[in-house]
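Topology and contacts: notes
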Amino acid sequence: MEKKISSAVIKRLPRYYRYLSELLENGIDRISSQELSHKMNVTASQIRQDFNNFGGFGQQGYGYNVEILRGEIGKILGLDKKYHVIILGAGNLGQALANYTGFARRGFLVSAIFDNDIKKVGQKVGDIIVRDMAALEDYIQENSVDIVALTLPKSKAPEVAGELVKMGVHAFWNFAATDLNLPEDVVVENVHLAESLMRLSYNIVNLPHD
């Protein structure tokens, strides 16, 4: 039976990957769990426990090879693969996602963007031409689509997502301000920007005061 990895560990993996990438950019090729803990504000013990979930990557008294560790975490996160992403909604958020070059560097290739606003159809977002939503089903049938990013109004997102599942889509990056009720074999990553701001607001209000 495969070991179940906690969601807390999975949430930390992208942070490890980011910090290790920064270390490589700065020419650092080896780091101890203690040094990594100072950078990440996570205890060295927690770091070792996290890595032991995957067999451990270090050597006692020798630390971690930064490039190898980053590569192993990248494999765990699936970053050794390429993902074809399409965006539904060519508003400000959809355009910002399409224009962000960091996704491609990590293997997330935005291949198309769709909208039902006739004024936006045919316009270019970066190097991508906005397509009519009416052509969405044909596009999915004819092309590889691994992830659909939803930047639609919340009133439309659940119905559109349901239709996409019928077309064979199994992964959604959901920016719509609503939860999606989809089958268990469909992966959904919800990004609720307003909720993130609310958490930030709470933390500001509850800052300790002298």
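Provided above is the structure to which this section pertains.
For the structure given in this document, a descriptive report is provided here. (Residues numbered from 1 in each chain as written. Predicted model: local features only at pLDDT ≥ 70, side-chain atom pairs only at ≥ 80, totals over all residues. Heavy atoms only, no water.)

**Details of a nonpolar patch on the surface**
Together, Leu197, Leu200, Ile204 and Leu207 line one region of the surface with nonpolar side chains, adding up to about 410 Å² of accessible area. Position of Ile204 among the secondary structure elements: in helix α9 (residues 193-205). (Patch = residues over 30% accessible without salt bridge, like charges linked within 9 Å, V, L, I, M, F, W, Y side chains within 5 Å. Areas by Shrake-Rupley, 256 points an atom, 1.4 Å probe, with all protein chains shown as cover. Salt bridge = Lys/Arg side-chain N within 4 Å of Asp/Glu carboxyl O. Helix = DSSP H or I, 4+ residues; strand = E, 2+ residues; numbered from the N terminus.)

**Looking at the packing of helix α2 (residues 33-40) against helix α3 (residues 44-52)**
The relative placement of two packed helices is expressed as an angle between their axes plus a distance between the axes. Relative orientation of the contacting elements α2 and α3 amounts to 105 degrees, with a least axis distance of 8 Å. On the basis of the axis angle, α2 is roughly perpendicular to α3. In this structure, α2 contributes Ser33, Gln34, Leu36 and Ser37 to the contact, and α3 contributes Ala44, Ile47, Arg48 and Phe51. By residue class, the composition of the contact of α2 with α3 is four nonpolar, three polar and one charged. (Axes fitted to C-alpha atoms, helices over the stretch in contact; angles between N-to-C directions. Parallel < 35°, antiparallel > 145°, perpendicular 65-115°, else oblique. Contact = heavy atoms within 4.5 Å. Nonpolar A, V, L, I, M, F, W, Y, C, P; charged D, E, K, R; others polar.)

**Examining the packing of helix α1 (residues 7-25) against α2**
Interaxial distance between α1 and α2 falls to 11 Å at its minimum, and their mutual angle equals 105 degrees. Taken as axis vectors, α1 and α2 run roughly perpendicular relative to one another. Across the interface between the two elements, Arg12, Arg15, Tyr16, Tyr19 and Leu23 of α1 pack against Leu36, Lys39 and Met40 of α2. The class makeup of the residues in the contact of α1 with α2 is five nonpolar, no polar and three charged.

**Quick notes on α2**
Among the residues of α2, Ser33, Leu36, Ser37 and Met40 are the ones counted as buried. The buried residues of α2 occupy one face: seen down the axis, they fall within an arc of 105 degrees. On its buried face, α2 sits against α1, β1 (30-31), α3 and β2 (64-65). One or two residues past the end of α2 sits Asn41, with phi positive at roughly 60 degrees. (Buried < 20%, exposed > 50% of the residue type's maximum accessible area, 1.4 Å probe, protein only. Arc of directions from axis to C-beta.)

**Considerations on the side chain of Asp115**
Relative to the assigned elements, Asp115 resides in strand β4 (residues 108-115). Although Asp115 is buried, it makes no salt bridge; Lys120 carries the closest opposite charge, 4.2 Å away. Within polar-contact distance, the side chain of Asp115 engages the backbone nitrogen of Ala90 at 2.7 Å. The contact partners of Asp115, leaving out residues within four places of it in the chain, are Gly89, Ala90, Gly91, Lys120, Val121, Val130, Arg131, Asp132 and Met133. (Lys, Arg positive; Asp, Glu negative; His and termini not counted. Polar contact = N/O pair within 3.5 Å; in protein donor to acceptor, adjacent residues only side chain to side chain.)

**A few points about unusual backbone geometry**
Backbone geometry at Asn41 places phi at a positive 60 degrees, although glycine is not the residue there. Locating Asn41 in the fold gives a position in the loop between α2 and α3. Here Asn41 falls in the exposed class, since its relative accessible area comes to 72%.

**Observations concerning the nonpolar core**
Core analysis: the biggest nonpolar cluster contains 23 residues, and Ile86, Leu88, Val148, Leu150, Leu164 and Phe172 have the highest contact counts within it. Taken together, the elements giving at least two residues each to this core come down to β3 (83-88), β4, α7 (136-142), β7 (147-150) and α8 (157-166). In terms of residues, this core owes the most to one element, α8, which gives five residues. (Core = buried A, V, L, I, M, F, W, Y, C linked by side-chain atoms within 4.5 Å.)

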